[in-house]
Amino acid sequence: MQSQTEFVFEPFRLDAINDRLWREGKEIRLTPKAFSVLRYLAEHSDQLITKEVLLKTLWPNIAVTDAVLTVCIGEIRKALGDKPNQPKFIETVHRRGYRFLAPVRNGPQNSVATTKQDIRFCSTADGVRIAYSTMGQGPPVVIPPQLVTHLEADLVEGPLADVYEALARRHTLVRFDMRGTGLSDRTVPLSSEQLFVLDLEAVVDELGLDRFPLYGLCGGGELALRYYAKHPNRVSQLVFYGTSLEPVTSDRKRQNDIALSVMRASWEIGSKMRVERLMPHGGTREDVDRLARWLRLSVSSDVSERLMELRQKPDDLAPILANVSVPTLVIHRRGDHVPFSGGRELAAKIPGARFLALEGYNHIPATHEEAMDLVNPVLDFLANGEHIRETSPLGVPATYLFLDLGGCDSLKRRLGEKSAQRHLSGHYEAIRAAIESYNGTHVKQTATGIGATFHSASRAVGCALHIQRVIAKRNAVNLNDAVKVRIGLDAGEAIVEDNNDSFGVSTERARQISAWAEAGQVLASDVVRQLVSVKGFKFEPAGVKRLKGFDDAVALYKLSPG
C-alpha cells in the first residue's frame, strides 16, 4: 500500500499525488501537516502508530512536541466529521498513539485527470505558431501568460503550479505561451504589446470558446484588459491579481535598469535577481534556483529584456476601465513590489469591482498557503460572484489570538469616559480591520480586550505583528494618549457557541499568555511556533511560565519579523 497514490475510505478519497482529500466530488481542505498525518495513518490502516513514530517520520529534522500532533489530529477529525469518543476513522490509544479504523482500499491509479494537460498548437492572424494547453474539466477559465510561461515547465518548476492544479479541479484551464516565449515561436519581432492580443485571439478561436472568464495573473492582467477592450461580449468575468496601471515611478525604473544591466552581463545571475524581487519574503535558496531555471527555460535574456522594455512604455489603459461592464474581482498584496495603490486604483475605476486585499510581500507565491490565496476567492467569485472572502472555519482546530489594551483606565480618568471611548474606538476599528484582512474571525470583545480565531497559524502570527505595527504608529502620533497593546497566541481546540463567542483550552491559554506579554509585545506558545510554515518570522525564547488552571508549564516565545 505504501506505493499507492490514492486511498479510498468511504465516503472519502485521498489523492496522495496532489495532497488532496475529496468527499463525493467536493474537496475537503487540510493543512499540509494534517494531510501528511492522515496519509500516513491511512497507509497503515488498522495498525497502532505510536506518537514517536509519527513525529520522527513526518518531522524528521525538527524538534516538535505531542501538542502539534494533537492539533493535526483535531483538524483531521473535523474534516472527516469524526468524534474522539465515538471514532469511525481515527482511534486514540491513550498515551501511545493512533489507529486508523476505517477499511481502506486502493483507488485507481492516475485517476486524477486534472494533473494531465493537453498541449497543442495554433496559428495567429499574422502567422505566428502559438502553443496552448487545456487542463482539467468544467467551465473554461482562460489565463493569459504572466509575462513569461513554459507550458511544460510551469507544472514542474514554475511558481504557479499549485494555482493551476487547484483551479483545474473545477474548471477547464486554458493557458498558452505567448510569442517569443515557452513552446511558441521564439524568433519573432516584438514591436508592441498589442501583438499578444493576437495570440489570445488565436487560442480562444481555435477552441471555439464563445464566452469565458479571464484571470489576469500578475503581468497577464494588462493582456486580459486589452482583449476585453477589443471583444467585450466574449468575456463573462474578469479577475486580476498583482495588476497595476499606474505609470512606472522613477524608483521602479531605476530598479528595472539595474536588473537589465545584470541580465545583459549574466542571464543566470539576472534570472535569480528577478526571482528574488518577485519573492522577497520566503523561499529557500533551492526555490530561487528552481524558479530561475524555469525563467531561463521560458525565455531568452534578450526577449526578457524586450518584454521589460515594453512594460515600461507609457500606454494609458485607464479609458478601458470605466467601460468594463462584467463582474470583476481585483486581488492585491499590500507589500507587493507592484504598488498596492495601483491595485486599489484599478478596482476603484472599474464599476462595481470587488477588491480583496491580501497581506504579504511576495508577488509570486512562496508557499502553498499563498498560492491558495489566489485560488479559493477566485473559485467562489467564478461560481457566483458573491462570496470572495476565504471563510475561516470556526471550531477545532484553530489558532487563537487575544489582545489586551492596557492603560485604558488611566486614559478614561484623564480624558473622561466619552472622550476616551472615542479615542479607543479608532484603535478597535484598526484592530478589527487587521483581523478581517488576515481572514480571521472576531469572536470576543471585553472592556479592554479582543479575541479572534484563525484557521492558519501563519495568518494569526502575521495579523499579530500587523496589529503591533498599527498601534505603534497610532501611539507615535499622540504620545500622551498612547495605549499598551499585549498579544498572546495559542493553538488547539476551541468551542464556538451560538453567540459567536469562543471558549476552550487554547482561548484561555492565549488570554493568559497576553497577560505575560510586555507592552507592545507579541508572545506565542511553542505550539504556534511549530505550526507556522511561512518564513519571515523570528521566535525568541521568552521563558517558561505556569498558567492558572493548567498542570503543564508553557514555553513562550517573543515574536518579531524575521
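Cut-offs used in this document
- Numbering of residues begins from 1 in every chain and follows the order in which that chain's sequence is written.
- Whole-chain, interface and lining totals are the exception, using all residues; otherwise, since this is a predicted model, local features are given only for residues with pLDDT of at least 70 and side-chain atom pairs are given and counted only at 80 or more.
- Only heavy atoms go into the side-chain values, all of them from the structure, while hydrogens and water stay out.
- Think of it this way: any DSSP run of H or I at least four residues long counts as a helix, any run of E at least two long counts as a strand, and we number them from the N terminus.
- Only heavy atoms enter the contact rule, under which two residues are in contact if any of them lie within 4.5 Å.
- Stacked, tilted and edge-to-face are the three classes applied to pairs of Phe, Tyr and Trp rings, where Trp contributes its six-membered ring and a pair requires centres within 6.5 Å; stacked means planes under 30 degrees apart, edge-to-face means over 60, and tilted covers the rest.
- Buried residues are those whose accessible area, probed at 1.4 Å on protein chains only, stays under 20% of the maximum for their type, while exposed residues exceed 50% and partly exposed ones sit between those limits.
- Sitting over a ring, as applied to charges here, requires NZ of Lys or CZ of Arg to be within 6 Å of the ring centre and within 35 degrees of the ring normal.
- Note that the arc is computed from the directions linking the helix axis to the C-beta atoms.
- Strands pair, by our definition, only if DSSP identifies at least two bridges between them.
- To obtain an axis, a line is fitted to C-alpha atoms, over the contacting stretch when the element is a helix, and the angle between two such axes runs from 0 to 180 degrees between their N-to-C directions.
- Every case where a carboxyl oxygen of Asp or Glu lies within 4 Å of a side-chain nitrogen of Lys or Arg is listed as a salt bridge.
- By definition, any crossing whose near helix is turned counterclockwise from its far helix by less than a right angle is left-handed, and any crossing with a clockwise turn is right-handed.
- The quantity called pLDDT is the predictor's confidence in a given residue, expressed from 0 to 100.
- Take the buried residues of types Ala, Val, Leu, Ile, Met, Phe, Trp, Tyr and Cys, join any two whose side-chain atoms come within 4.5 Å, and each joined set is a nonpolar core.

A. How the structure looks around the overall build of the protein chain. Tallying secondary structure elements over the protein chain gives 20 helices and 25 strands in all. Intrachain contacts of the protein chain at a sequence separation of at least 6 include 70% that bridge at least 24 residues.

B. Structural detail: the packing of aromatic side chains. This model, assessed by the stated rule, comprises seven aromatic pairs. Ring centres of F340 and F355 lie 5.6 Å apart, and the angle between their planes is 55°; on these two criteria the pair is classed as tilted. With F340 in helix 13 (residues 340-349) and F355 in strand 16 (residues 354-358), the pair connects residues that are 15 residues apart, well separated along the chain. Assessed through its relative accessible area of 14%, F340 is described here as buried. With relative accessibility at 29%, the residue F355 sits in the partly exposed group. In this structure an aromatic cluster arises from ring pairing among F9, F12, F89 and F100. The ring of F121 is capped by R129, whose NZ or CZ atom sits 5.5 Å from the centre of that ring.

C. Helix 2 (residues 51-58), seen in detail. Listed in full, the buried residues belonging to helix 2 are K51, L54 and L55. The buried residues of helix 2 occupy an angular sector of 95° when the element is viewed end-on, so they sit on one face. Residues of helix 2 that are buried in the fold lie against helix 1 (32-43), strand 5 (48-50), helix 3 (66-80) and strand 7 (97-100).

D. Expanded view of the side chain of T328. Note on placement: T328 falls in strand 15 (residues 328-333). Looking at T328, the relative accessible area reads 3%, which means it is buried. If we ignore the near neighbours within four places in the chain, the residues touching T328 are L238, F240, I350, A353, R354 and F381.

E. Looking closely at the sheet that holds strand 3 (residues 20-23). One open sheet accounts for five strands, arranged 4-3-2-1-8; its pairing is antiparallel. Of all the strands in the sheet, just strand 4 (26-28) and strand 8 (105-106) have a single pairing partner and so form its edges. Bridge count between strand 1 (residues 6-9) and strand 8: two bridges; the pairing is antiparallel. Considered in strand 8, the bridge of F7 is made with N106. Of the strands in this sheet, strand 1, strand 2 (12-15) and strand 3 touch helix 1, which is tilted by about 105° from strand 2.

F. Just the pattern of salt bridges, in detail. Within the structure shown, the criterion is met by 25 salt bridges. One salt bridge in this structure joins E157 and R293, with 2.9 Å as the shortest N-O distance. With E157 in the loop between helix 4 (151-154) and helix 5 (161-167) and R293 in helix 10 (residues 285-298), this pair connects stretches of sequence that are 136 residues apart. Exposure remark for R293: the relative accessible area of 40% places this residue in the partly exposed category. Across the pair D490 and R509 runs a salt bridge whose closest N-O atoms are separated by 2.9 Å. Here the residue D490 occupies a position in strand 20 (residues 484-492), and R509 occupies one in helix 19 (residues 505-516), the gap between them amounting to 19 residues. By the burial criterion, D490 is buried, and R509 matches it.

G. Examining the pairing of strand 7 more closely. Examined bridge by bridge, strand 5 and strand 7 share three bridges and lie antiparallel to one another. Within the sheet, the bridge partner assigned to T50 lies in strand 7 and is G97. Pairing geometry for strand 6 (residues 90-93) and strand 7, over four bridges, is antiparallel. Counted as the bridge partner of I90 is F100 from strand 7. Once strand 6 ends, the chain turns through three residues before running back antiparallel as strand 7, passing R95 with a positive phi of about 65°.

H. Region of the structure containing the packing of helix 9 (residues 267-278) against helix 10. Relative to each other, helix 9 and helix 10 sit at 115°, their axes nearing to 8 Å. Two packed elements cross with a definite hand, and for helix 9 against helix 10 that hand is right-handed. Between helix 9 and helix 10, the contacting residues are W267, E268, S271, K272, R274, V275 and E276 on the first element and V288, D289, L291, A292, L295 and R296 on the second.

I. Region of the structure containing the sheet that holds strand 7. In spatial order, the strands read 5-7-6; together these three strands make up an open sheet with antiparallel pairing. Of all the strands in the sheet, the pair left with one neighbour each is strand 5 and strand 6. Recorded for the sheet is a direction-independent mean angle of 30° between the axes of neighbouring strands. Against the sheet, helix 1 makes contact with strand 5, strand 6 and strand 7, and its axis sits at roughly 65° relative to strand 7, the strand it touches most. Contacting strand 6 and strand 7, helix 3 crosses the sheet at an angle of about 150° to strand 6.

J. Layout of the confidence of the model for the protein chain. For the protein chain, the average pLDDT comes to 81, and 83% of its residues sit at 70 or higher. Here strand 21 (residues 495-496) stands out as the element of the protein chain with the lowest mean pLDDT, 46, in contrast to strand 11 (residues 140-143), whose mean of 96 is the highest. Of the regions scoring below 50 in pLDDT, residues 386-396 engages in 37 contacts with residues more than four places distant in sequence or in other chains. Confidence over residues 494-503 falls short of pLDDT 50; this stretch has 26 contacts with residues more than four positions distant or in other chains.

K. Quick look at the nonpolar core. F9, L21, L38, L41, F100, I467 and L489 are the most contacted members of the largest nonpolar core, which has 67 residues in total. Ignoring anything within four residues of it in the chain, the contact list for F100 reads F9, L38, L41, A42, S45, D46, Q47, F89 and I90. Formed by 50 residues, the second largest nonpolar core is a distinct cluster that contains V235, F240, W294 and V299.

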